[in-house]
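A closer look at the structure
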Amino acid sequence: MSSEWPLWEVFIRGQHGLNHRHVGSLHAPDAEMAINNARDVYTRRNEGVSIWVVKADDITASSPSDKGPLFEPSNSKVYRHPTFYDIPDEVGKM
Amino acid sequence: MYAQMVKSTGQGVTPREEMTPEEQAFQDRIDADEKIEPKDWMPEGYRKTLIRQISQHAHSEIVGQLPEGNWITRAPTLERKAILLAKVQDEAGHGLYLYCAAETLGISRDQMYEQLHSGKAKYSSIFNYPTLTWADMGAVGWLVDGAAIMNQVPLQRTSFGPYSRAMIRICKEESFHQRQGYDIMMKMAFGTEAQKRMAQDALNRFWYPSLMMFGPSDKDSVHSAQSMAWKIKINTNDELRQKFVDQTVPQAEYLGLTIPDPDLKWNEESGHYDFTQPDWNEFFEVLKGNGPCNKERLGARVMAWEEGAWFREGLSAHAEKAAARRAAVAAE
Ligand SMILES: [Fe+2]
Ligand SMILES: [Fe+2]
Ligand SMILES: [Fe+2]
């Protein structure tokens, strides 16, 4: 079928102040319908205070095979973590 | 602080009975600790004040890279170089989070850069002081990031959602900044006589400028009263400055260094340290552009922007070409 509705990724803000989080996806003919459907599919138990929908086609993802080159370099940079430094207890929390 | 002396509406807090129903509902949400999100209705004054505050904060993170960037090529060891580089890299990230949060309020990135580069927008006075020795890298991490943390921790609870979330992310990253600074201070203060002198000299030069970071007393400021009612400012400048002094004095004592304030003493009654205020005339001069490094800092920013133009344009041209190529393939 050539007229299949596009796929939308759905993001829900669970509580005031929190980031939207990806919860899943659905098909819908346009953004407005996608929001309506997302409301019905993903927030039936009051799971959210706000919904974002984004066309799946518009999302560019890093490829799983790039995981090494992308993320391994930060493994060796232990000094980015506060625990790398020995700070005596006497001087208080830092 | 990173956003010192942000002007609000200048009219003080509107009494509830004079608020429109929309304004009342808005204030009720804030009083109930609900977050305001970009698409929600908000008073123009709230939007404008926040744009001013968040962009000033962002500019401070970006300009704040310069005094430390000064020492990356001259760090004493490879490890210290890597640490300093990582720290300065974090500050670039902080600037980015904050610019993006400001953009949700309807100002563009280019507009904000224009305001910074033209001198219309301010950034924290602290970054107009020079970093003369390696010990300054210790003092900056310990005192400047320490003061920044003091201000940023309460701002995690600020009423504007994107700002609050940026602050939460930033606070997670700041702890490393202060600790690496204190770690440098320990090395210097417990080192040779010459190193110890450098550490003391750095403390002498950075103490009062660090106290200025919190801004002048604002207990009677109409701007601050409105900002506090809107929960975009959580504590008064004096409260935060006092907390900073109380926290920092024992840390200096541990290092065996002397805070350059002969009148500094513990006050049994108040449970706080009494201390000497910084020279506020100096502060206002620095804000006006007459600090030791204002021209150098702004000059470096403008130069980076202008001399990077060909590169930004190159990337755009490349993206356009790649898109055209993809379109041609799709059309075949
Ligand atoms: Fe900073
Ligand atoms: Fe920062
Ligand atoms: Fe920092």
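Residues numbered from 1 in each chain as written. Chains lettered and ligands numbered in written order. Predicted model: local features only at pLDDT ≥ 70, side-chain atom pairs only at ≥ 80, totals over all residues. Heavy atoms only, no water.

1. Quick word on the overall build of chain B
Helix and strand counts for chain B come out as 13 helices and 2 strands. The C-alpha atoms of chain B give 22 Å as radius of gyration, which agrees with the globular expectation for 332 residues (20 Å, within 12%). C-alpha extents for chain B along the principal axes are approximately 75 × 60 × 35 Å. For chain B, the proportion of its 332 residues judged to be buried stands at 52%. Long-range pairs, those at least 24 residues apart, make up 79% of the contacts in chain B with a sequence separation of at least 6. (Helix = DSSP H or I, 4+ residues; strand = E, 2+ residues; numbered from the N terminus. Rg over C-alpha atoms; globule rule 2.2 N^0.38 Å. Buried < 20%, exposed > 50% of the residue type's maximum accessible area, 1.4 Å probe, protein only. Contact = heavy atoms within 4.5 Å.)

2. Here's the deal with the coordination of the iron ion (ligand 3)
Residues and elements named next belong to chain B. Taken together, Glu91 (OE), Asp145 (OD), Glu174 (OE) and His177 (ND1) make up the full set of protein donors to the iron ion (ligand 3), lying 2.0 to 2.2 Å away. Coordination at the iron ion (ligand 3) is irregular, judged from the 4 donor atoms that bind it and the angles of 84 to 169° they form at the metal. All donors of the iron ion (ligand 3) belong to a single chain; written as a sequence motif, their spacing is E-x53-D-x28-E-x2-H. Between the iron ion (ligand 3) and the iron ion (ligand 1), a separation of 3.2 Å is found. Taken as a pair, Glu174 and His177 lie in helix α7 (residues 161–189) at a separation of 3 residues, close to a single helical turn. Residue His177 is classed as buried on the basis of its relative accessible area of 0%. (Donors = N, O, S within 2.8 Å, 3.2 Å for Na, K, Ca; no water. Tetrahedral: all angles 85-135°; square planar, octahedral: opposite > 155°, others 65-115°.)

3. Quick word on the pattern of salt bridges
Residues and elements named next belong to chain B. Per the counting criterion, the structure on display carries 19 salt bridges over all chains. Between Glu44 and Arg47 there is a salt bridge whose closest N-O contact spans 3.3 Å. On the criterion of helical spacing, the pair formed by Glu44 and Arg47 is a turn pair, its members being 3 residues apart in helix α2 (residues 44–63). The exposure class assigned to Arg47 is partly exposed, which follows from its relative accessible area of 22%. (Salt bridge = Lys/Arg side-chain N within 4 Å of Asp/Glu carboxyl O.)

4. Brief notes about the interface of chain A and chain B
With 17 residues of chain A at the contact, the number on the chain B side is 21 residues. Interface of chain A and chain B: buried area, both sides summed, is about 1900 Å²; carbon and sulfur atoms make up 61% of it. The tally of links between chain A and chain B comes to 1 salt bridge. The closest approach of N and O atoms between Arg13 of chain A and Glu37 of chain B, which form a salt bridge, is 3.1 Å. Linking chain A to chain B there are 10 residue pairs in polar contact (both at pLDDT 80 or more). Residues that form the side of chain A that touches chain B fall into these classes: 9 nonpolar, 4 polar and 4 charged. (Buried area = accessible area lost by both parts, 1.4 Å probe. Polar contact = N/O pair within 3.5 Å; in protein donor to acceptor, adjacent residues only side chain to side chain. Nonpolar A, V, L, I, M, F, W, Y, C, P; charged D, E, K, R; others polar.)

5. Some words on the pairing of strand β1 (residues 7–13) of chain A
Residues and elements named next belong to chain A. In terms of burial, β1 is largely enclosed, as 6 of its 7 residues are buried. Looking at chain direction, β1 and strand β2 (residues 20–27) are connected through 7 bridges and run antiparallel. Looking at β2, one finds that Phe11 is bridged to His22. Taken together, β1 and the strand that follows it, β2, pair antiparallel across an intervening segment of 6 residues, in which Gly17 is found at a positive phi of about 95°. Relative to strand β3 (residues 50–55), β1 runs antiparallel, the two being bridged by 6 bridges. Across the sheet, Phe11 pairs through a bridge with Trp52, a residue of β3. (Pairing = 2+ DSSP bridges.)

6. Side note on the side chain of Glu61 of chain B
Along the chain, Glu61 of chain B turns up in helix α2. Residues within four places of Glu61 of chain B in sequence aside, it is in contact with Tyr2, Glu91, His94, Gly95, Leu98 and Gln152 of chain B.

7. Description of the nonpolar core
Proteins that are soluble and globular tend to have nonpolar side chains buried together. The biggest cluster of nonpolar side chains holds 82 residues, and the ones touching the most others in it are Tyr46, Ile54, Trp142 and Phe160 of chain B. Sorting the residues of this core by element identifies α1 (21–31), α2, α4 (78–103), α5 (109–117), α6 (135–155), α7, α8 (193–212) and α10 (237–255) of chain B as the ones contributing at least two each. Leaving out residues up to four positions away in the same chain, Phe160 of chain B has contacts with Ile36, Glu37, Pro38, Met42, Tyr46, Leu50, Ile54, Ala101, Thr104 and Leu105 of chain B. Ranked by size, the runner-up nonpolar core spans 9 residues in total, among them Trp8, Val10, Leu26 and Val53 of chain A. (Core = buried A, V, L, I, M, F, W, Y, C linked by side-chain atoms within 4.5 Å.)

8. What about a positive patch on the surface?
Residue and element names in this part refer to chain B. On the surface, a cluster of positive charge is made up of Lys7, Lys48, Arg52 and Lys120. In this fold, Arg52 is placed in helix α2. Owing to a relative accessible area of 36%, Arg52 belongs among the partly exposed residues under this scheme. (Patch = residues over 30% accessible without salt bridge, like charges linked within 9 Å, V, L, I, M, F, W, Y side chains within 5 Å. Areas by Shrake-Rupley, 256 points an atom, 1.4 Å probe, with all protein chains shown as cover. Lys, Arg positive; Asp, Glu negative; His and termini not counted. Charge placed at Lys NZ, Arg CZ, Asp CG, Glu CD.)

9. Some words on the packing of aromatic side chains
Scanning the entire structure with this criterion turns up 17 aromatic pairs over all chains. Centre to centre, the rings of Trp142 of chain B and Tyr182 of chain B are 5.7 Å apart; their planes meet at 70°, and the pair counts as edge-to-face. Note that Trp142 of chain B is positioned in helix α6 and Tyr182 of chain B in helix α7, a separation of 40 residues in sequence. Pairing Trp310 of chain B with Phe311 of chain B gives two aromatic rings, centres 5.7 Å apart and planes at 70°, and the pair type is edge-to-face. Here Trp310 of chain B falls in the exposed class, since its relative accessible area comes to 62%. Residue classification places Phe311 of chain B among the partly exposed positions, given a relative accessible area of 48%. Ring-pair connections join several aromatic residues into one group, and the members of that group are Tyr79, Phe84 and Tyr85 of chain A together with Phe176 of chain B. Just above the ring of Trp71 of chain B sits the side chain of Arg74 of chain B; from NZ or CZ to the centre is 4.5 Å. (Phe/Tyr/Trp six-rings, centres within 6.5 Å; stacked < 30°, edge-to-face > 60°. Lys NZ or Arg CZ within 6 Å of the ring centre and 35° of its normal.)

10. What to know about the packing of α4 of chain B against α7 of chain B
Residue and element names in this part refer to chain B. The N-to-C vectors of α4 and α7 enclose an angle of 160°; their axes lie 10 Å apart at closest approach. The orientation of α4 with respect to α7, classified from their angle, is roughly antiparallel. α4 and α7 meet at a crossing whose hand is left-handed. By residue class, the composition of the contact of α4 with α7 is 12 nonpolar, 3 polar and 9 charged. (Axes fitted to C-alpha atoms, helices over the stretch in contact; angles between N-to-C directions. Parallel < 35°, antiparallel > 145°, perpendicular 65-115°, else oblique. Left-handed = near helix turned anticlockwise from the far one by under 90°.)

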